[in-house]
Amino acid sequence: MVGAIALALVFLCGTLWYRFVEGWRWLDSAYMTVSTLATVGFGEINPLGDRGRLFTIVLIGMGVISIGYIVNRFTEALIQGYFQEGRRLQQQRRLVESLTEHYIICGFGRTGRQIALEFEAEGIPFLTIDSNSESVQAAQQMGYIAVQGDATLDETLVRVGIERAICLVAALPSDAENLYTVLSAKTLNPNVRTIARASTEEAVTKLQRGGADAVVSPYITGGKRMAAAALRPQVMDFVDGILTGSDRSFYMEEFRLDADVCPVVGQSLREARLRSQSGALVLAIRRADGTLIGGPTGETVLLPGDAMICMGTSEQLRSLNQVLSPITSKKLRLPKHT
């Protein structure tokens, strides 16, 4: 901007000099100024005396300085922009490569943004993928690791470390895209847990067939939750209070019992004394074959592969984690201490 203003002033000075001092026509004055500043080597339009030639020398010098300044600033901006973009991409690549046992959110729309907020509240490592540059910029402005790319492509999932991830959430706007993403993720990492968004009941079935571990339809789930909120408002307030948000007093977590490391496998709940040792409450147990036991009694025996659904404060759940000598962090995510 400064260089352009300086060049315009030089052009104005040259034109006014030739017009009023040398007495040339306006067109001749402007033409002489342009040819002088451009250093094209044309001859003088009209004869010049010593005074006019001295001014022309000064005009050439001023023009070279102004044009040189403009070229320098332009080149500097171009090079800085190139290297800054290179540094940004290199830094992003290092951040992605440093992630392990992380969560991947595919799609940073309204659903993906809410998921990211919940993950951030829990303090777990995650990154987002979106093909839209504006969505990527929005995620980066919120402080998230965001990668621009097509989540349905294997190369994109490999780039974000799908082989090191423990969970992928497909929250893309299209059911077909979510299906392709789940298929690609399961192919690259069969152990990754996949959660997919579906807009119709038919899409729910297809995503389940495609290997999605859990499928959520915002419309179906939203309708059920609204109905429950109307019929059982206090229950819904309590459930929402322990499932989401960063200011919770109670949490719900799941623990999978591994016979190799868990000392209470084979014992009954009464013998394990989990409640007395940790303070956490065992709400339900899902057997390895999928059978769900709600409200287990003291006589319920803990078997290998059982998934215990427990509720308690963050400290109570951490104590329970120590009692169980739990599964690795690839399966268990403890609540952040608040």
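These remarks concern the structure in this document. Here the residue index of a chain counts from 1 through its sequence in written order. Totals for whole chains, interfaces and linings use every residue, but because this is a predicted model, local features are given only for residues with pLDDT of at least 70 and side-chain atom pairs only at 80 or more, for both listing and counting. Side-chain measures here rest on the full set of heavy atoms in the structure, leaving out hydrogens and waters.

## Remarks on the overall build of the protein chain
Each helix is a run of H or I in the DSSP string that is no shorter than four residues. Each strand is a run of E no shorter than two, and both are numbered from the N terminus. Helix and strand counts for the protein chain come out as 13 helices and ten strands. For the radius of gyration, the atoms used are the C-alpha atoms, and the globule rule reads 2.2 Å times the number of residues raised to 0.38. Here the C-alpha atoms of the protein chain give a radius of gyration of 34 Å, more than 25% beyond the 20 Å that 2.2 N^0.38 yields for 338 residues. C-alpha extents for the protein chain along the principal axes are approximately 115 × 40 × 40 Å. Per-residue burial over the protein chain gives 37% buried out of 338 residues. Sequence-distant contacts, at least 24 apart, represent 57% of the contacts inside the protein chain between residues at least 6 apart. Areas reported as accessible are Shrake-Rupley estimates using a 1.4 Å probe. Residue values count occlusion only from the protein chains shown. As displayed, the protein chain offers around 19400 Å² of accessible surface, 58% of which is attributable to carbon and sulfur atoms. Residues scored as positive are Lys and Arg, those scored as negative are Asp and Glu, and His as well as the terminal groups of each chain are ignored. By convention, the charge on Lys lies at NZ, on Arg at CZ, on Asp at CG and on Glu at CD. On the protein chain, the mean spot of the 33 positive side-chain charges and the mean spot of the 34 negative ones are 2 Å from each other. Burial classes: relative accessible area under 20% of the type maximum marks a residue as buried, over 50% as exposed, and values in between as partly exposed (1.4 Å probe, protein chains only). Two residues form a contact once any of their heavy atoms are found within 4.5 Å.

## Considering the packing of aromatic side chains
Aromatic ring pairs are described here by two measures, namely the spacing of the ring centres and the angle between the planes. Centres within 6.5 Å make a pair out of two Phe, Tyr or Trp rings, where for Trp the six-membered ring is used; the pair is then stacked when the planes are under 30 degrees apart, edge-to-face when over 60, and tilted otherwise. Scanning the entire structure with this criterion turns up eight aromatic pairs. Plain terms: the ring middles of Tyr18 and Trp24 are 5.0 Å apart, the flat faces sit at 10° to each other, and that makes the pair stacked. The exposure class assigned to Tyr18 is buried, which follows from its relative accessible area of 0%. The exposure class assigned to Trp24 is buried, which follows from its relative accessible area of 6%. With centroids separated by 5.8 Å and ring planes inclined at 80°, the aromatic side chains of Tyr18 and Phe55 adopt a geometry described as edge-to-face. Taken together, the residues span a long stretch of sequence, with Tyr18 in helix α1 (residues 2-21) and Phe55 in helix α3 (residues 50-98) at a distance of 37 residues. Members of the aromatic cluster, connected to one another through ring pairs, are Tyr103, Phe108, Phe119, Phe126 and Tyr144. Consider the ring centre and the ring normal. A charge sits over the ring if Lys NZ or Arg CZ is within 6 Å of that centre and within 35 degrees of that normal. Across from the ring centre of Phe20, 5.5 Å away, lies the NZ or CZ of Arg19, which sits over that ring.

## Describing the sheet that holds strand β7 (residues 251-256)
Any two strands are treated as partners once DSSP identifies two or more bridges connecting them. What the four strands build is an open sheet, ordered β7-β10-β8-β9; its pairing is antiparallel. The two strands at the open ends of the sheet, each matched to only one other strand, are β7 and β9 (292-294). The average undirected angle you get between the axes of adjacent strands in this sheet is 25°. As judged from the five bridges shared by strand β8 (residues 281-286) and strand β10 (residues 307-312), these two strands associate in the antiparallel manner. Bridge assignment links Val282 to a residue of β10, and that residue is Cys310. Note on definitions: angles span 0 to 180 degrees between N-to-C directions of axes, and those axes are lines fitted to C-alpha atoms, for helices only across the stretch in contact.

## Section: the pattern of salt bridges
A pairing counts as a salt bridge when a side-chain nitrogen of Lys or Arg comes within 4 Å of a carboxyl oxygen of Asp or Glu. Counted under the stated rule, the structure contains six salt bridges. A salt bridge links Arg25 to Asp28; the shortest N-O distance between them is 3.2 Å. Here Arg164 and Glu163 are joined by a salt bridge, their closest N and O atoms 3.1 Å apart. Given a relative accessible area of 44%, Glu163 falls into the partly exposed group.

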